[in-house]
Amino acid sequence: MHKSGSASSLGPGGLDLTQAFFKPIQQTAPPSPTKRHTKVSVIGVGNVGMAIAQTILTQDLVDELALVDVNADKLRGEMLDLQHAAAFLPRTKIHASVDYAITAGSDLCIVTAGARQIAGESRLNLLQRNVSLFSRIVPPLAKYSPDSILLIVSNPVDILTYVAWKLSGFPSNRVLGSGTNLDSSRFRFLIADHLDVNAQDVQAYIVGEHGDSSVALWSSISVGGVPVLSFLEKQQIAYEKETLENIHKAVIDSAYEVISLKGYTSWAIGYSAASLARSILRNQRRIHPVSVLAKGFYGIEGGDVFLSLPAQLGRGGILGVTNVHLTDEEAQRLRDSAKTILEVQNQLGL
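Residues numbered from 1 in each chain as written. Predicted model: local features only at pLDDT ≥ 70, side-chain atom pairs only at ≥ 80, totals over all residues. Heavy atoms only, no water.

Quick reminder of the rule: UniProt positions are given in the numbering used here, feature names are shortened, and annotations may be inferred rather than shown by experiment.
Named according to an unreviewed UniProt entry, the protein chain is L-lactate dehydrogenase originating from Vitis vinifera. Per its UniProt entry, the protein chain bears the Pathway (unreviewed entry) comment "Fermentation; pyruvate fermentation to lactate; (S)-lactate from pyruvate: step 1/1." The Catalytic activity (unreviewed entry) comment attached to the protein chain in UniProt states, word for word, "(S)-lactate + NAD(+) = pyruvate + NADH + H(+)".

## Some details on unusual backbone geometry
What counts, and what does not: In this text, helices come from DSSP runs of H or I with a minimum length of four residues, and strands from runs of E with a minimum of two, each type numbered from the N-terminal end.
A cis amide bond links N155 with the next residue in sequence, P156, at an omega value of 0°. Among the secondary structure elements, P156 is positioned in the loop between β8 (149-152) and α5 (157-168). You will see that D60, though not glycine, has its phi angle at about 55°, which is positive. Relative to the assigned elements, D60 resides in the loop between α2 (47-58) and β5 (64-68). Its identity as a non-glycine residue notwithstanding, Y298 has a phi of 55°, on the positive side.

## Looking at the UniProt feature "active site" (unreviewed entry) in the protein chain
For the record, the criterion: Residue burial is assigned from relative accessible area. The probe radius is 1.4 Å, only protein chains are included, and a residue is buried under 20% of its type maximum, exposed over 50%, and partly exposed in between. We call two residues contacting when some pair of their heavy atoms lies within 4.5 Å.
The positions UniProt marks with the feature "active site" (unreviewed entry) are H210. Checked against the element boundaries, H210 lands in the loop between β11 (206-207) and β12 (215-216). In this structure H210 comes out as partly exposed when scored by relative accessible area, which is 26%. Setting aside chain neighbours within four positions, we find H210 in contact with N155, V157, D158, G179, T180 and D183.

## Regarding the domain arrangement of the protein chain
One frequently used descriptor of interface size is the decrease in accessible area upon assembly of the parts. For clarity, the cut-off: These domain boundaries are the output of an automatic or database domain assignment. Simply put, the buried area is the total loss of 1.4 Å probe accessible area from both parts when two parts are fitted together. Salt bridges are defined by distance alone: a side-chain nitrogen of Lys or Arg within 4 Å of a carboxyl oxygen of Asp or Glu. Under this definition, polar contacts are N or O atom pairs within 3.5 Å; protein pairs additionally need one hydrogen-donor-capable and one acceptor-capable atom, and for neighbouring residues in sequence, both atoms have to be side-chain atoms. Three classes are used, and their members are as follows: Ala, Val, Leu, Ile, Met, Phe, Trp, Tyr, Cys and Pro are nonpolar, Asp, Glu, Lys and Arg are charged, and the others, Gly among them, are polar.
Parsing the protein chain into structural domains produces domain 1 (35-177) and domain 2 (180-348). Computed over C-alpha atoms only, the centres of domain 1 and domain 2 are separated by 24 Å. Contact residues are listed per partner, giving 36 residues for domain 1 and 36 residues for domain 2. Summing the contributions of domain 1 and of domain 2, the shared interface buries around 3,100 Å²; its carbon and sulfur component is 70%. Our count for the domain 1 to domain 2 interface comes out at 1 salt bridge. The salt bridge involving R315 is made with D107; its shortest N-O contact spans 2.7 Å. If you look at where domain 1 meets domain 2, you find 8 residue pairs in polar contact (both at pLDDT 80 or more). Contributions of two or more residues to the side of domain 1 that touches domain 2 are made by α2, α4 (123-144), β8, α5 and β9 (175-177). Per element, the largest residue contribution to the side of domain 1 that touches domain 2 is 7 residues, and it comes from α2. Of the residues assigned to the side of domain 1 that touches domain 2, the class counts are 20 nonpolar, 11 polar and 5 charged.

Shown next, in the form of C-alpha cells:
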C-alpha cells in the first residue's frame, strides 16, 4: 500500500518497508499530546543520577528538570550546584524535592535509585529490597505523570523494568530499561579499537540480559556498511571464535573494571541514558538495544520478561522491535538469557 510522503515507500508499486523491518509490539498506547514544554524527572541523585542529569542539561534536551531523592540535604546541594551553572547552560528550570508531586507532568521519568548490596547479602534478597523500594517510587510517578514514559536504569535493570511495568500499570511501550545500550557502546568501542576505525561507523549489538548471559550478535556486525564476518569468509581470512568470545567477555567485565578502579560507573551510563532521552523526546526514531517486554519475539516464551532487543524509540516510547537476523546459536542463547532472568523473577512472587 502506498503511503504518500513516506520515505519508507520504495519502487513503482510504493512498497511499504516499515512493517517488514519492525514487528509491532502489543498493548500499546498513543504518545502523549505534543507540547512545546519538555520536562524530565530523575529519581535518585547518586553518581549515576547526577551524571544523567548533567548530560541531559548540557545537551539542551529539556525545559524543566526535576530531581527527587530521600536525602534532602544532598538533593538540595545537587540542585544548587546545577543552578549555579546557569550562565554556562541552556536555560532550564531546575528544581528538587523529596515529594513526588514535583514530578507532575513529566514527559520522561528516569529511575536510578536502588538499594546497595550489603556484605554477604544474596542477590535475591537485594532484589527483594529493590522491589520494595520501587513500590514507593513507581506508583507516585504514575500518579503525577500518567502519560509519561518510564526509563529504568537501576540494576538489575531487566527485572526492575518488569517490576516498574507491573507497578505502574502503563502499557508496555511506555516502560523500558537502559538494558544493553551501554554494553553495545562498549562493544562498538572494542571492535573499533581492534580495526582502528571510529566507533560511530561500527554497527553492533549486545542483546539479552544486561549481565553475564548477554548475547553478542556477531552475525550482524558491520563496519562502514560491510558485514564483518561474511567479508572475512569471502576473503578467506581466518579468525578464531575464541577471539570473538574474548571481546564479548571484555564487554561484560568492563563495568567491573571501572568499579574496581574508581568505585562506581557514571559518565558512560550518563551519556547512554541521555541518548535514549534524546531519541524519545525528540522523536528521533533511532534504534537502541533496550530492555523491552520480549515475550513473543525471537521465540521467547514462558512468561512476561524484559530483556534487551534492538528497538525503535520515539515520542511514543518503544515504537517497534527490529527484525534483526539471528543465527540459530544466537537465537538459542537469547532464549537461554530470557530463562535466566525468568528463573530469578519467578522467585519474587509478583
